[in-house]
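Inside the fold
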Amino acid sequence: MDQLATVVLRRTGRVTVIGTGQAPVDGAEWSVALEADLAARGWLMHDELRKATTRLPVTVRVRWADWLLAVLDEDTGADRPLVPLYRSFPDTPRDPAAVFVRRLLTHLFAVPGAPCVLCGRDEIGSPLDPCGHPVCPACFPAEQVSGCPICGRRLTSGNAYLTPVAPPPTSRPGNPLGEELLPVRVAGLETDPYAAAVELRDQLIARPGALNERDRADLKALIGVTAPGRLDWLPEVVPARETHALVLAWALRESPQVVDAVGARWDTVTDVARTLWAYSDGDPGLVELSSRVRALPRALRRAVLAHLDSRGAVNAAEDMLRHATVWKRLGERLHPYETVRNHPAAAVAFAALRGTRAARSGALGRAIVEQAGDQLDVSAHPDGTVSIRLRSHASLVERALAGGDVPSAARLLTRRPGDLWRRLDHLLRKAGDAPDALTAVTSALRETAPRVSPGVLAAAAAQLSHRAATVRASPADVAVVKRSRAGALAARRARDQATVPLVTGLDDVLRDAARRHGVPSAVPEPPLFPAVAEPPAAPSEGLSLVGGRPGPGMPRRIFFPRGSVVTTWTEPENRAALPAPVTATVRAIADDELTGRASALPRFDLAVLDGALADVPAPVRERAGSAQLAGWPRGSVRNLPAAGILRLFLHWEEPEKTRVDLDLSCAFFGADWRRAGYCDFSRLRFAGDAAIHSGDLTSAPAPLGATEYLDLDIDLLVAAGARYAVPMIFSFNGIPFEALTAAIAGLMLPLRGGEQFDAARVAQRFDLRGDARMTMPFVVDLERRNLLWTDLTLPASADYYDVGRFGDQLARAAADQREHFLGGHRATVLDALAWHAAARADRILVTHADGTCTEVPASPAAIRAAAARPSGDRPFVAGAGLTMLAGAVDAVALDGLVPGAGSVALTVTGRPGSRWTALSAIDMLGELPPG
């Protein structure tokens, strides 16, 4: 099957069937056998697909089925061998500390050709390859492990130690303990894959935010099938500038003759930079700057310089300075000083960027003098040269704010509407209670709202929604943070500069082993680092301060820096609260604008909105997110089974000649975020069977790779005093995830006594990606049985390499994520639906968890208020055959609805049935572009 059918299947759940005709004699029996294979993966066939498979010719059906099952296996991770160190997992050694001591003694004292140091047996065999450890098969039975039992490295195929072992049973047991059954997914029939490809292509183009890596790859494949080297299909406005730049770059690579069409679609100077960077296979977001700029055809160079010239020297220089490194490297290929007479404004913009001094009598010098004025200042130098400097728009805004002139700052920012809305909190704080300043700001908001993207409007309004309740950190808190940060920095510098003695003696090894297993060591430990005097901690600090940064209990503000992966930074909250009437006005401006945009779209008879969607943040910054199976928005909360086990899994494959050691760990915390324990490569069990690790593999050569599992028994963890579980994946030897041949992780809900890896019970699978070495994918609230999806990359610091020693840092990071996402600081999926429902639906019903509903007027504010109620005023009943707009957390909630033609459904988990047109929250926002 081709790539188009694969993309359609993965994104829609619909299968393309080829070569159907007269049904073979055994077609029905073969279809039943295929559905059995699908059921083992958690899928069933729609009746239309089932009928189509019975007509598949014998000559193609096996290859077709192999393709179908391979795609589904790849989505869950079942397409690769998932073999842990201890083959019998979760039945792993009950006394990991004793096993560690035996491993340690073998590592220290075992000698090739000598008797076993543990049992005295002779003839223990040759050293293992590649680690060189002599291993006694009586003390370390080969059938129990899949690698070296001493160091955890995978072994080469020539080793005689490992013996063939029958694979674990694949039969799925019954369900005697009543584990919750996962909903199955239904595969439908795709009769027109080309039309589906066009629809998917247009949906991706309409998304208001930048695409992640998988979406980009899918879009490229879809364009390659439907419109290779063409731009006539593109809508006039593409909401996401990064996506627009990618499409233009792909068209230029495919058909260089589209240069004029590309130039006509450029708007800002940064649009040009994005396109050229993507043309060189770089990041169109201009975040990662490692790409080498490829040579540009002459026609493309002329088009770029002409566009820069048309923008004027001031605007061109302003935008260039925003991405100075990018433009300096692009300038090496554009040669702007060779065409000063034809493109003087472009040449002057590059002169301002580079700080070029030019002879006054030369072409560039004359252009500099002629372009002077407005925001461009010319400087004459004693050697007869001139240079030019830009007074940027941002500097003018800062000057106005520094002088307390908020109305002037607001007027300046109307020239850049996106910047106005992004800086709204700052402007309102500067305005204070001054009526004139507040009026100027709100007037600027109303004036610019029609020109701002829906994502920026939604984010700005949501971030202000709770600002009236903001609590500032006290001066004492701020002082404690400064002192602690200075002390932590001094301690880190001292560690970096200290000479660390090699751990070569038995005392050192035993001391380290005792520390890892919580056993007091009788061996005195000399200081490895010079003592650093730190300021005394405040009595009330506790966990409110961790590593010089505010933690749980201190009012703090969480930042999400722009980057290729999701990271955070925390600072004490120093903002004063904003007046509630002001924040309500801003929210009303955004609601009115977005509702007005939706009013031009087709109408619905009825909108049915799940009130639980108010707790699901709308997707943001998807470009930095991991490719995943479940499609959970970052910050969304997912309910877990009331009882049972969560199984975390990690699999990776290292590149040739590079050993990579990834580790799967989990830290446990009480309700106050105090450490309760951990389970990792050094402690394979926590509280008996409450948490069980499958063993530490320290290398992952192809084709087997390496796999680690970690089981969490929710009931036993709660009984052991744990409230939160925080999993973490890190690269122990510092190799970034992007360097690996393959790296995936995920979460499944296994049956007790069932398979180690059951594709049908995989709830989430995600890729490890980017220039990252540590990730915290989610946080589990064990008492409430829910999971917060964070998809967070932790900083590359040794502070996180050992969850047993540095659990406080993990506690801070996890608490930050929970407080941010559960505190209502983000626009929600309900917001996106509310704007559409208020503008397009004749009736609006908000449903509640108890089966009741509330009918509300056509107002986003009324929809939000109804969603906050625990119960409605009537039982939920919806008529059949109506054109509906439906939104639900789980697709199973739509089973009772009978939609009419043209009905649209949005779900967070699962896909709606074939009677619905499925859209995501990003798609809903994408339908509200600026005018």
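Residues numbered from 1 in each chain as written. Predicted model: local features only at pLDDT ≥ 70, side-chain atom pairs only at ≥ 80, totals over all residues. Heavy atoms only, no water.

**Brief notes about unusual backbone geometry**
Omega for the bond connecting F89 with P90 falls within 30 degrees of zero, at 10 degrees, which places this linkage in the cis form. By the secondary structure assignment, P90 is in the loop between α4 (58–76) and α5 (96–109). Following D129, the chain continues to P130 via a peptide bond in cis, the omega torsion being 20 degrees. Its place among the elements puts P130 in the loop between α5 and β3 (185–190). The backbone phi angle of D281 is positive, close to 65 degrees, even though this residue is not glycine. (Helix = DSSP H or I, 4+ residues; strand = E, 2+ residues; numbered from the N terminus.)

**Concerning the UniProt feature "domain: RING-type" (unreviewed entry) in the protein chain**
Those residues carrying the UniProt feature "domain: RING-type" (unreviewed entry) are residues 116–151 in this numbering. For residues 116–151, the helix share is 0%, the strand share is 0%, and the end-to-end C-alpha distance is 17 Å. (UniProt positions renumbered as here; feature names shortened; annotations may be inferred.)

**A word on the nonpolar core**
If you look at the biggest cluster of nonpolar residues, it comprises 71 residues, and the most contacted ones within it are L308, W327 and L330. Broken down by element, this core gets its largest block of residues, 9 residues, from helix α14 (residues 344–354). In terms of domain composition, this core takes at least three residues from each of domain 1 (3–76) and domain 2 (193–353). Those residues in contact with L308, other than ones at most four positions away along the chain, are V269, A316, M320, W327, A346 and F350. Counting residues in hydrophobic clusters, the runner-up holds 65 residues, among them V586, I589, L906 and L925. (Core = buried A, V, L, I, M, F, W, Y, C linked by side-chain atoms within 4.5 Å. Buried < 20%, exposed > 50% of the residue type's maximum accessible area, 1.4 Å probe, protein only. Domains from an automatic or database assignment. Contact = heavy atoms within 4.5 Å.)

**As for the sheet that holds strand β1 (residues 14–16)**
Ordered by their spatial adjacency, 3 strands build an open sheet running β1-β3-β2, and the pairing between neighbours is parallel. Here the strands that pair on one side only, and so sit at the sheet edges, are β1 and β2 (43–45). Across the sheet, the mean angle from the axis of one strand to that of its neighbour is 40 degrees, orientation sign disregarded. With 3 bridges joining them, β2 and β3 adopt parallel strand pairing. Within β3, the position partnered with L44 by the bridge is V186. Across the sheet, α4 lies against β1 and β2, angled at about 150 degrees from β1, the strand it touches most. (Pairing = 2+ DSSP bridges. Axes fitted to C-alpha atoms, helices over the stretch in contact; angles between N-to-C directions.)

**Regarding a nonpolar patch on the surface**
Judged by side-chain polarity, V101, L105, L108, F109, V117 and L118 come together as a nonpolar surface patch covering roughly 440 Å² of accessible area. Turning to its location among the elements, L105 is positioned in helix α5. (Patch = residues over 30% accessible without salt bridge, like charges linked within 9 Å, V, L, I, M, F, W, Y side chains within 5 Å. Areas by Shrake-Rupley, 256 points an atom, 1.4 Å probe, with all protein chains shown as cover. Salt bridge = Lys/Arg side-chain N within 4 Å of Asp/Glu carboxyl O.)

**What to know about helix α17 (residues 406–413)**
Of all 8 residues in α17, 6 are buried; the element is thus mostly enclosed. When we look at burial in α17, the residues that qualify are V406, S408, A409, A410, L412 and L413. In this structure, the buried residues of α17 make contact with α16 (393–402), α18 (417–422), α19 (424–431) and α20 (435–448).

**Here we look at the sheet that holds strand β27 (residues 884–890)**
Spatially, β26-β25-β24-β11-β27-β28-β29 is the arrangement adopted by the 7 strands of the open sheet, whose pairing is mixed. In this open sheet, the two strands that pair with only one neighbour each are β26 (874–875) and β29 (917–918). Both strand β28 (residues 904–909) and β29 contribute to a ladder of 2 bridges, which runs parallel. By the bridge assignment, A905 is partnered in β29 with A918. Seen against the sheet, helix α27 (residues 829–840) touches β11 (604–610), β24 (841–847), β27 and β28 and runs at an angle of roughly 150 degrees to β24.

**Considering the pairing of strand β9 (residues 556–559)**
Side chains R556 and I558 of β9 all project onto a buried face; the interleaved residues R557 and F559 project onto a face where none is buried. In this sheet, strand β10 (residues 569–572) lies alongside β9 in antiparallel orientation, the contact comprising 4 bridges. Directly across from F559, in β10, lies its bridge partner W569.

**Side note on the side chain of R587**
Here R587 lies in helix α24 (residues 580–598). Ignoring sequence-local partners within four residues, the contact set of R587 consists of A461, A462, S465, D831 and R864.

**Re the pairing of strand β18 (residues 706–713)**
Counting buried positions along β18 yields 8 of 8 residues, so the element is predominantly enclosed. Burial of β18 is two-sided: the residues A706, E708, L710 and L712 facing one way and the residues T707, Y709, D711 and D713 facing the other way are all buried. Bridge count between strand β13 (residues 645–653) and β18: 8 bridges; the pairing is antiparallel. Within β18, the position partnered with F649 by the bridge is Y709. Looking at chain direction, strand β17 (residues 691–693) and β18 are connected through 3 bridges and run antiparallel. Bridge pairing in β18 places A691 opposite L712.

**Some remarks on α16**
Where α16 is concerned, the buried positions are H393, L396, V397, A400 and L401. The buried side chains of α16 occupy one side of the element, clustering within an arc of 135 degrees when seen end-on. Looking at α16, the residues exposed on the side facing more than 90 degrees away from the buried face are R399 and A402. Buried residues in α16 make contact with α12 (313–322), α17 and α19. Phi turns positive, to about 75 degrees, at G404, one or two residues after α16. (Arc of directions from axis to C-beta.)

**Focus: the side chain of E35**
With respect to the helices and strands, E35 occurs in helix α2 (residues 27–39). If we ignore the near neighbours within four places in the chain, the residues touching E35 are W43, L44, M45 and R50.

**A short note on the pattern of salt bridges**
On inspection of all chains with the given rule, the structure shows 54 salt bridges. A salt bridge links R50 to D47, with the shortest nitrogen-to-oxygen separation between them at 3.5 Å. On the criterion of helical spacing, the pair formed by R50 and D47 is a turn pair, its members being 3 residues apart in helix α3 (residues 47–54). Of the residues examined, D47 reaches a relative accessible area of 38% and is grouped as partly exposed. In this structure, D689 and R94 form a salt bridge, with 2.9 Å as the shortest nitrogen-oxygen distance. Note that D689 is positioned in the loop between β16 (685–686) and β17 and R94 in the loop between α4 and α5, a separation of 595 residues in sequence. R94 gets classed as exposed once you look at its relative accessible area, which sits at 55%. A cluster of three or more residues bridged by salt bridges with shared partners is formed by R10, R11, R207, D215, D218 and D923.

**Let's talk about the packing of α17 against α19**
Packing of α17 against α19 brings their axes to within 10 Å, and their N-to-C directions diverge by 160 degrees. Comparing the axis directions of α17 and α19 gives the class roughly antiparallel. Our pair here, α17 against α19, has a crossing hand that is left-handed. Only L427, K430 and A431 of α19 make contact with α17, whose side of the interface consists of V406, A409 and L413. Its residues assigned to classes, the contact of α17 with α19 shows 5 nonpolar, no polar and 1 charged. (Parallel < 35°, antiparallel > 145°, perpendicular 65-115°, else oblique. Left-handed = near helix turned anticlockwise from the far one by under 90°. Nonpolar A, V, L, I, M, F, W, Y, C, P; charged D, E, K, R; others polar.)

**Brief notes about the confidence of the model for the protein chain**
In this model, the protein chain carries an average pLDDT of 87, and 90% of its residues clear a pLDDT of 70 or more. Long-range and interchain partners of residues 500–511, a stretch whose pLDDT sits below 50, account for 16 contacts in this model, where long-range means more than four residues apart. Taken as a whole, residues 517–543 scores under 50 in pLDDT and shows 39 contacts with residues more than four places along the chain or in a different chain. (pLDDT = per-residue confidence, 0-100.)

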